[in-house]
Amino acid sequence: MNAIRHDFRSDTVTKPSAGMRAAMASAEVGDDVFGDDPTVNRLEQRMAGMLGKDAALLVPSGTMSNLLALMSHCGRGDEFIAGQDAHCYKYEAGGAAVLGSIQPQPIAHQADGTMALSDIEAAIKGGDVHFATTRLIALENTFGGRVLPVDYMMAVAGIAERHGLGLHLDGARAFNACMALGVDIGDFVASFDTVSICLSKGLGAPVGSVLVGRQDLIDTARRHRKMLGGGLRQSGILAAAGLYALEHNVARLAEDHRRAKALAEGLARHEALRVTQPHTNIVWVDMDEAVEERLTSFLEQQGVGISGRYGKQRWVTHLDVTDGDVEQALGLVERFFA
Ligand SMILES: *Cc1c(COP(=O)(O)O)cnc(C)c1O
């Protein structure tokens, strides 16, 4: 495979900018396991403040952040409800079951990506000894780049409250959702007990996620983070990248969304491509499987990286994708069909 020059595979591929590296290099640090790292403490306080929650915890990855949330809400033999395609159910190597002894209750998605409220309600189990005990509902927003309505999240929060369940948001790309909706992140996450945010995706940090939420849950998560080997030492170097990202890389997500739209419009000109209009920075394109295989490999040869499989392509815009990258990629797609 040729070197990738236009990388649309994921927003995780962003590299720290010169400014971010400078902030990392000059970060004041201490031993975070002792609670001594001033930069980590600053990031955690800043995130808790922005989201309107009690506390926050810097962790190595979004996967660990979700796992810590599940393990804080649920004990051995408890159950969480999540979408069939939710990251915390499908894409985290079964960590909740393996490491938390927590049973997932997956629910089918409707065409718009939400779970039917009646399906959620029907899956909640009472005290019968046959059942695992339902403790938590986990939502994800954005979901595959799609923004799920705030009304939907509020309705699910109502169900959680009526049944005395916890509510977790996998908000890996919550800032993208807020940008698309024009809402404040604090309002967006108001009804959740815990929220996981990725610093290493559209925000452009090299490493890190933050779990934010109620004090008792974050205290438990801190203990479990140590148990899982995620207690880091001079992690202020990473927190500095996160603080820099919050300062410089949130408002600019609008550019990624604009470029995703441009990309979608350009791709939609080709009859063979069925393009879903993007809400944020992810463009989904359906086509015949044979076309997809040839197009993906052609683009690969030409230095364009995308995720393609089984007749579906995913194009992701991010900090390191320019207008020029979009133009050149569209030009190559043009050439392929010509
Ligand atoms: C990327 C992602 C995660 C996991 O983050 P990692 O840092 O890759 O472990 C969790 N949830 C969603 C929705 C994601 O997109």
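Parameters and conventions
- Residues numbered from 1 in each chain as written.
- Predicted model: local features only at pLDDT ≥ 70, side-chain atom pairs only at ≥ 80, totals over all residues.
- Heavy atoms only, no water.
- UniProt positions renumbered as here; feature names shortened; annotations may be inferred.
- Helix = DSSP H or I, 4+ residues; strand = E, 2+ residues; numbered from the N terminus.
- Rg over C-alpha atoms; globule rule 2.2 N^0.38 Å.
- Buried < 20%, exposed > 50% of the residue type's maximum accessible area, 1.4 Å probe, protein only.
- Contact = heavy atoms within 4.5 Å.
- Areas by Shrake-Rupley, 256 points an atom, 1.4 Å probe, with all protein chains shown as cover.
- Lys, Arg positive; Asp, Glu negative; His and termini not counted.
- Charge placed at Lys NZ, Arg CZ, Asp CG, Glu CD.
- Pairing = 2+ DSSP bridges.
- Axes fitted to C-alpha atoms, helices over the stretch in contact; angles between N-to-C directions.
- Expected span 1.5 Å × (residues − 1).
- Arc of directions from axis to C-beta.
- Near = heavy atom within 4 Å.
- Polar contact = N/O pair within 3.5 Å; in protein donor to acceptor, adjacent residues only side chain to side chain.
- Nonpolar A, V, L, I, M, F, W, Y, C, P; charged D, E, K, R; others polar.
- Domains from an automatic or database assignment.
- Buried area = accessible area lost by both parts, 1.4 Å probe.
- Salt bridge = Lys/Arg side-chain N within 4 Å of Asp/Glu carboxyl O.

Within an unreviewed UniProt entry, the label attached to the protein reads Threonine aldolase, and the organism entered is Devosia subaequoris. One UniProt comment on the protein, placed under Cofactor (unreviewed entry), says "pyridoxal 5'-phosphate". UniProt, in its Subunit (unreviewed entry) section for the protein, records the words "Homotetramer."

Turning our attention to the overall build of the protein. From N to C terminus, the protein includes 14 helices and 13 strands. By the compact-globule yardstick of 20 Å for 338 residues, the protein fits well, its C-alpha radius of gyration being 20 Å. Here the protein holds 338 residues, and 54% of them are scored as buried. Pairs at least 24 apart in sequence give 72% of the contacts found in the protein among residues at least 6 apart. About 14,700 Å² of surface is accessible on the protein, with carbon and sulfur atoms providing 50% of the total. One finds the centroid of the 32 positive side-chain charges in the protein at a distance of 4 Å from the centroid of its 42 negative side-chain charges.

This brings us to the sheet that holds strand S4 (residues 103-107). One open sheet accounts for seven strands, arranged S2-S8-S7-S6-S5-S3-S4; its pairing is mixed. Because the sheet does not close on itself, it has two edges, and the strands there are strand S2 (55-59) and S4. Between one strand and the next, the sheet's axes are offset by a mean angle of 20 degrees, whatever the strand orientation. Summarising the sheet, strand S3 (residues 78-83) and strand S5 (residues 133-140) pair through four bridges and their orientation is parallel. Counterpart to Ile-81 in the pairing with S5 is Ile-137. Helix-sheet contacts for helix H7 (residues 150-163) involve S5 and strand S6 (166-170), and the interaxial angle to S5 is about 170 degrees.

Next up on the list: helix H10 (residues 215-227). Taking 1.5 Å per residue as the helical rise, H10 with its 13 residues ought to reach 18 Å, and the 19 Å between its terminal C-alpha atoms agrees with that figure. Every buried residue belonging to H10 is among Leu-217, Ile-218, Ala-221, His-224 and Arg-225, and all of these are buried. Angularly, the buried residues of H10 cover 120 degrees about the axis, an arc narrow enough to put them on a single face. Within H10, the exposed residues directed more than 90 degrees away from the buried face are Arg-223 and Met-227. Of the surrounding secondary structure, the elements contacted by the buried residues of H10 are helix H2 (38-51), S2, helix H3 (62-73), strand S7 (194-198) and strand S8 (209-213). Immediately downstream of H10, the backbone of Gly-229 shows phi near 85 degrees, a positive value.

What follows is about the site of the ligand. Near the ligand the following residues occur: Ser-61, Gly-62, Thr-63, Asn-66, His-87, Glu-92, Glu-140, Asp-170, Ala-172, Arg-173, Cys-198 and Lys-201. Measuring from a nitrogen atom of the ligand, one finds a side-chain N or O atom of Asp-170 at 2.6 Å. Here the ligand, which alone exposes 380 Å², has 82% of that area covered by the protein. Of the residues that constitute the shell around the ligand, the class distribution is two nonpolar, five polar and five charged.

Let's shift gears to the UniProt feature "domain: Aromatic amino acid beta-eliminating lyase/threonine aldolase" (unreviewed entry) in the protein. Annotation from UniProt places "domain: Aromatic amino acid beta-eliminating lyase/threonine aldolase" (unreviewed entry) at residues 7-289. Secondary structure within residues 7-289 divides into 42% helix and 17% strand; the distance between the first and last C-alpha atoms comes to 22 Å.

Next up on the list: unusual backbone geometry. Residue Thr-142 is reached from Asn-141 by a cis peptide bond, and omega for that bond is 5 degrees. Turning to its location among the elements, Thr-142 is positioned in the loop between S5 and H7. Phi angles above zero are rare outside glycine, and Ser-101 is one such case at about 55 degrees. Along the polypeptide, Ser-101 turns up in the loop between helix H5 (95-100) and S4. In the Ramachandran plot, Tyr-310 falls in the positive-phi region, its phi being about 50 degrees despite a non-glycine side chain.

Taken domain by domain, the protein holds domain 1 (6-13 + 252-337) and domain 2 (31-248). Distance from the C-alpha centre of domain 1 to the C-alpha centre of domain 2: 29 Å. When the area that domain 1 buries against domain 2 is broken down by residue, the three leading residues are Asp-11, Leu-253 and His-279, summing to 42%. Its salt-bridge partner being Arg-173, residue Asp-11 comes within 2.8 Å of it at the nearest N-O pair. Joining domain 1 to domain 2, the criterion identifies five residue pairs in polar contact (both at pLDDT 80 or more). Among the secondary structure elements, those contributing two or more residues to the side of domain 1 that touches domain 2 are helix H12 (253-268) and strand S10 (282-286).

A separate point is the environment of Met-154. In this structure, Met-154 sits in helix H7. Between the alpha carbons of Met-154 and Val-189 there is a distance of 9.8 Å; along the sequence they are 35 residues apart.

Spatially, S9-S10-S13-S12 is the arrangement adopted by the four strands of the open sheet, whose pairing is antiparallel. In this open sheet, the two strands that pair with only one neighbour each are strand S9 (274-276) and strand S12 (307-309). Going from strand to strand, the sheet's axes swing by 20 degrees on average, the running direction of each strand aside. Here S10 runs beside strand S13 (residues 312-316); their pairing, made up of five bridges, is antiparallel. Note on S13: the bridge partner recorded for Asp-286 is Lys-312.

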